[in-house]
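Results of the structural survey
One letter stands for each residue in the lines below.
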Amino acid sequence: MRRLFTVIAAFCALMAGAALMQLKLAVQDQADKVAALADQIHNDEESLRILEAEWAYLTSPHALQEQSIEFLALMPPTPKQVLGSASDIPLRRSGEVVDGEHSVLLPTSQPQEKDADEKKKDEKQKEKAL
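Reference entry: report on the structure contained in this document. (Residues numbered from 1 in each chain as written. Predicted model: local features only at pLDDT ≥ 70, side-chain atom pairs only at ≥ 80, totals over all residues. Heavy atoms only, no water.)

Some remarks on the overall build of the chain
On a plain count of helices and strands, the chain comes out with three helices and zero strands. Counting helices and strands in the order they occur from the N terminus, the chain gives α-α-α. A buried classification covers 3% of the 130 residues belonging to the chain. For the chain, the share of sequence-separated contacts (at least 6 apart) that also reach a separation of at least 24 residues comes to 7%. (Helix = DSSP H or I, 4+ residues; strand = E, 2+ residues; numbered from the N terminus. Buried < 20%, exposed > 50% of the residue type's maximum accessible area, 1.4 Å probe, protein only. Contact = heavy atoms within 4.5 Å.)

Below is the structure:
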């Protein structure tokens, strides 16, 4: 009876040891996954910091001005091109016609009625656009 009890106790001890070893390996595997995720998060945060710094540089006024000069051939306005106030903006010439209510052009200095031929042309152009 003692021998049977010893064999059962040894078998239970071996099974508990095997289960403990399996649990240890599973915990280590999960710890490795957590460490890999932490490294990936750190790398992503570092990449974000680099991208934000690059964005800040590329959208700075100095960099935008240099890019506009290089690629668009835009130059800073000359003193003659700068207006002192909004009242200095000239009105649209009286012969120019604008369709639509949302025009970016200013109103004419004198309102002018369209004659019948111009109205027909405008209607045909609107029909073609649709």
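Some words on the side chain of serine 68
Relative to the assigned elements, serine 68 resides in helix H2 (residues 61–72). For serine 68, a relative accessible area of 17% translates into the label buried. One polar contact links the side chain of serine 68 to the main-chain carbonyl oxygen of glutamine 65, over a distance of 2.8 Å. With sequence-adjacent residues up to four places away left out, serine 68 is seen in contact with Ala73 and Leu74. (Polar contact = N/O pair within 3.5 Å; in protein donor to acceptor, adjacent residues only side chain to side chain.)

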